[in-house]
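Summary of the model geometry
Residues per chain, in single letters:
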Amino acid sequence: MSNEVIIKNAVKRYGDFTALSDVSLHIREGEFFTLLGPSGCGKTTLLRMIAGFNSIEGGEFYFGSNLINDVPAHKRDIGMVFQNYAIFPHLTVEENVAYGLKARKVPKAEIERRVKEALDLVQILPLKGRKPSELSGGQQQRVALARAFVIEPSVLLMDEPLSNLDAKLRVQMRSIIKKLQRRLGITTIYVTHDQEEALAISDRIAVMNQGKVMQIGTPREIYAKPENPFVAGFIGVSNFLKCDVVSCAGETAKVSIRGELDIDVPVRSAYTGNAQLSARPEQLFFAEKGMPGKVLFSTFLGDFIEYEVELDDGQLLIINEYTKDTTTMHEVGEKVFISFDATRISLYNEAGEVLSK
Amino acid sequence: MTERPRRKIKLDFWFFVKAFVLVALCLFIIYPFYTILTKSIFSDKVEGMTLYNFQRFFTKKYYYRTLIRSLVICSLTTLFACIIGVFIAYVMTRYNIPGKSILHVFIILSLMSPPFIGAYSWIVLLGRNGLITRAITALGLSAPTIYGRNGIVFVFVLHLFPYVYLYTSGAMNSIDSSLEEAAENLGMNKLRRIWTITLPVVLPSILAGCIMVFMTCLADFGTPMLLGEGYTVLPVLVYNEYMSESATNPYMASCLSVVIVACSMILLAVQKLIVEKKNYTMSTLRPPQETKLHGVRRFAASVPVYLVVFLALLPQIVVVCQSFVERSFSGMVQGINLNNYRAILSRLGQNIFNTYAFSLVAIVFIVIFGILISYVLVRKKGKAASVIDTLIMFPYVIPGSVLGIGLIVAFNRKPIVLVGTAAIMIISYIVRKLPYTVRSGSAFLYQMDPSVEEASINLGVSPMKTFFTMTARMMLPGVMSGAVLSWITCINELSSSIMLYSGKTSTIAVAIYQEVVRMSDGTAAALATILSVTTVISMLIVFRATKGKVKIV
């Protein structure tokens, strides 16, 4: 039933434009896997190649041990939830959900039972006789979901399924999808451009940009240890600072930041020369000494205070200070010194490869 | 990585659809027109290829004045149709005219009525022996004549102003009211608001409507034939050159056809320029509000609208009334009865049968091909699709009489002889009326999200089965409204039928024309009533089915 999905060196071109270059993924059985990236990064292209709606120009796609490159879309046994739901407008809720089972020639009594179960799972059983035009966006979403998993597909694909819902409903549906996926154990590939959604829902995430996979990891890994400046900037908020790796002894690099601050960073491999580091707003703090700057703006957000600090050369930093850790607020215009925890920042060489452990 | 992209042609169902449609279009559009083109550069007077025909056309007054006359008629008609159409569109969209929606239906009905019935009815009223003419002369006054240039323009304007009305009111209804409110807020008075905001935004639609009027005028054969008397216009000359009993000259007729098509193509190019360059897309959140008029002002705004709609519908009323009046050969009223209908049933039953049979067969093909072609145009884009797209709209610019001649000269010799058969009539209907259905079908498909089809395929139904059980079925209502328009124009079709009919394949429209020429008013009226009633019923069905949202233009 459920399957692992292996993609080797996938390539997609539109004329001269390369939409996907050499993408390889290994999605484990029963995993909730998310393709995350800005629009145009190739995530939907890849999803549609898996579904069979885009031709595969290069590479190999496997469900388990079966090569599916040349299997037509309707024989791939995939459930898919479309961005706009794609509910069949002329069929009732019940008929929509039964559609895939009828195509599989499932006996009538079993269809009835499975449709009922599916509708019950997404909590819309009372609506089974309605036409799609009589449903709200969230209800249509549930129909689309039920229709996709009722066929017990080997893989479930979701193409930005929550993007048409309002913020509150999005959070609610997100947890319904997550719980359902856990319960059914279907290998799921989920596409979104919303990083918060990806972090909340996924077992693992592949961050994509310009047709390439930038990093694959658990939400925690991707947030805490971004492997390149793109991931650091795309997931959450990061402050980037130019710096110099002055020397490298063993697994510790001596890093000088603008000549104002020297820190020791644990690294994976030896490197000296120009470098770049990224730090989350909550990893920066006000100190007795460090990089000198001036508070430009402060925003009180309840559990934390967000400061915008301008360094001497004009570069801006965002610093979050938790309300529980401090009793005073810094005034706008106040001269401050900024420092950070060297063990939690990310350090990149000139090519954008991660150095820090 | 280094794998080359696979680019082999898929030999699937759609490949065969495209191939078949392309072959059919080449055979029934390109080939006939090519034959006309080649005929036009030959002559029985001169050896070899020659521009003799064109030279004669542009130097002999007998020929070139028809072009001038055609252009004069088209220009005058367009001007007046534009003024009337825009006025009515403005009044109807902005003021509380009583009975608005029924007036709207009446205006569409008058457009869909057979074009030459207008001419015929006005002869009955204002012709030499007309009802009004006789009444006026009995008073000792001289009645205005319906024959000649002014008469043709009068009848054309009443028949065609709905095009301008429909385009313009469509655009006016899509102007968000905040646009005019913004202008008001910025300090513009009402007249200047209309002049600086409303009119410029609506202008492309008005022009599009005007070009429809111009092109229809240019191609129309029935009205100027019946009313022209000595005032011969281009399509009538084409008919005379090709069909006249004295001296038929297919070479000259072909040359004239080329001239007409050239004119229409120029117009179509102009239209593309205007419509594509200057079309504003607006998001209409709040449609414009109508202003409530009261008392005298409401009356004053309504009277002109009612007057125009009444004049536009008058031909239909006259025709229906006339159909029950039995007259002697001298025109004396013999009684009010059904004798006209008895006469046509016994004498012209074949024509009635032919009209419905041919149109029905044509419409079946039109619906099937309409669905398949729309799907190819919208979902299977590519070189073949864009060639089909261009070719399928070509009959829009070819007047019926020209297509008729093209089909005759192309298929009156081996290898394919079709002249005189029912097949050639049906083919001409399909080719000419298919665009309506393809347009409505593809418009519908553009709104339909492809992911609905993908969802079906994804759930395990093959693409072919998905198309037939899901897509085609969902397209049907969209295609149907276009198909009914195709159907109505098929049963009312005259200009190509009159070229292509033979004794056994004559239709109602052809018979009406012949009866009118033969001064047999009663039977013509009875035949015309049959067409009108069929048209009205068909239109009402579309109105019901689409809840009044039918798109004629």
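About the thresholds
Residues numbered from 1 in each chain as written. Chains lettered and ligands numbered in written order. Predicted model: local features only at pLDDT ≥ 70, side-chain atom pairs only at ≥ 80, totals over all residues. Helix = DSSP H or I, 4+ residues; strand = E, 2+ residues; numbered from the N terminus. Buried ≥ 20, exposed ≤ 12 C-beta atoms within 10 Å, placed from the backbone. Contact = placed C-beta atoms within 7 Å. Expected span 1.5 Å × (residues − 1). Pairing = 2+ DSSP bridges. Axes fitted to C-alpha atoms, helices over the stretch in contact; angles between N-to-C directions. Parallel < 35°, antiparallel > 145°, perpendicular 65-115°, else oblique. Left-handed = near helix turned anticlockwise from the far one by under 90°. Nonpolar A, V, L, I, M, F, W, Y, C, P; charged D, E, K, R; others polar. Core = buried A, V, L, I, M, F, W, Y, C linked by C-beta atoms within 7 Å. Domains from an automatic or database assignment.

A few words now on the overall build of chain A. Summing up its helical and strand segments, chain A has 8 helices and 20 strands in all. For chain A, the spread of C-alpha atoms along the principal axes amounts to about 75 × 45 × 35 Å. Looking at chain A as a whole, 39% of its 357 residues qualify as buried. In chain A, the share of contacts with a sequence separation of at least 24, taken over all contacts with a separation of at least 6, comes to 65%.

Right, let's get into the interface of chain A and chain B. Accessible area lost on assembly of the parts is the figure often given for the size of an interface. Contact residues are listed per partner, giving 22 residues for chain A and 17 residues for chain B. If you list the elements that add at least two residues to the side of chain A that touches chain B, you get β1 (5–14), β6 (78–81) and α2 (93–103) of chain A.

Turning our eyes to something else, we now look at helix α5 (residues 115–126) of chain B. Residue and element names in this part refer to chain B. Relative to the 16 Å expected for 12 residues at 1.5 Å per residue, α5 spans 17 Å between its end C-alpha atoms, a close match to the ideal helical length. Counting buried residues in α5 gives 11 out of 12 residues, a clear majority hidden from the surface. All of the buried residues along α5 are P115, F116, I117, G118, A119, Y120, S121, W122, I123, V124 and L126. In this structure, the buried residues of α5 make contact with α6 (131–138), α7 (149–173), α10 (222–227), α13 (295–323), α21 (508–517) and α22 (521–546).

This part takes up the pairing of strand β14 (residues 273–279) of chain A. Residues and elements named next belong to chain A. Strand direction decides the pairing type here: strand β11 (residues 239–249) and β14, joined by 7 bridges, are antiparallel. Counted as the bridge partner of L241 is L277 from β14. Note that β14 and strand β20 (residues 346–349) share 4 bridges and pair antiparallel. What sits directly across from A275, in β20, is N349.

A few words on the packing of helix α8 (residues 177–185) of chain B against helix α9 (residues 190–219) of chain B. Two quantities define a packed helix pair, namely the angle between the helix axes and the distance between the axes. Residues and elements named next belong to chain B. It is at 10 Å that the axes of α8 and α9 come closest, and there the two elements cross at 135 degrees. Considered as vectors, α8 and α9 are oriented oblique to each other. As α8 packs across α9, the resulting crossing turns out to be right-handed. Contacts between α8 and α9 involve L179, E180, A183 and E184 from the first element and R193, T196, I197 and T198 from the second. Its residues placed into classes, the contact of α8 with α9 shows 3 nonpolar, 2 polar and 3 charged.

Counting residues in hydrophobic clusters, the biggest one holds 157 residues, and the most contacted among them are Y120, V164, L256, I512 and L527 of chain B. Take this core: its biggest share by element is 16 residues, from α7 of chain B. When residues of this core are assigned to domains, at least three fall in each of domain 1 (36–322) and domain 2 (334–553) of chain B. Filtering out sequence-adjacent residues up to four positions away, I512 of chain B remains in contact with Y120, A524, L527 and A528 of chain B. If you look at the next biggest cluster of nonpolar residues, it comprises 77 residues, including I7, A86, M158 and M208 of chain A.

Turning to the environment of T355 of chain B, a few remarks are in order. All names here are of chain B. Considering the arrangement of structural elements, one finds T355 in helix α14 (residues 339–379). Taking the C-alpha atoms as reference points, T355 and I426, 71 residues apart in sequence, are found 10.0 Å from one another. Dropping the residues within four chain positions of it, T355 is found in contact with I491, T507 and I508.

A few words now on unusual backbone geometry. Residues and elements named next belong to chain A. Even without being a glycine, Y85 presents a positive backbone phi close to 75 degrees. With respect to the secondary-structure elements, Y85 resides in the loop between β6 and α2. Using a count of 24 C-beta atoms within 10 Å as the deciding quantity, one classes Y85 as buried. Positive phi, close to 55 degrees, is recorded for K105, a residue that is not glycine.

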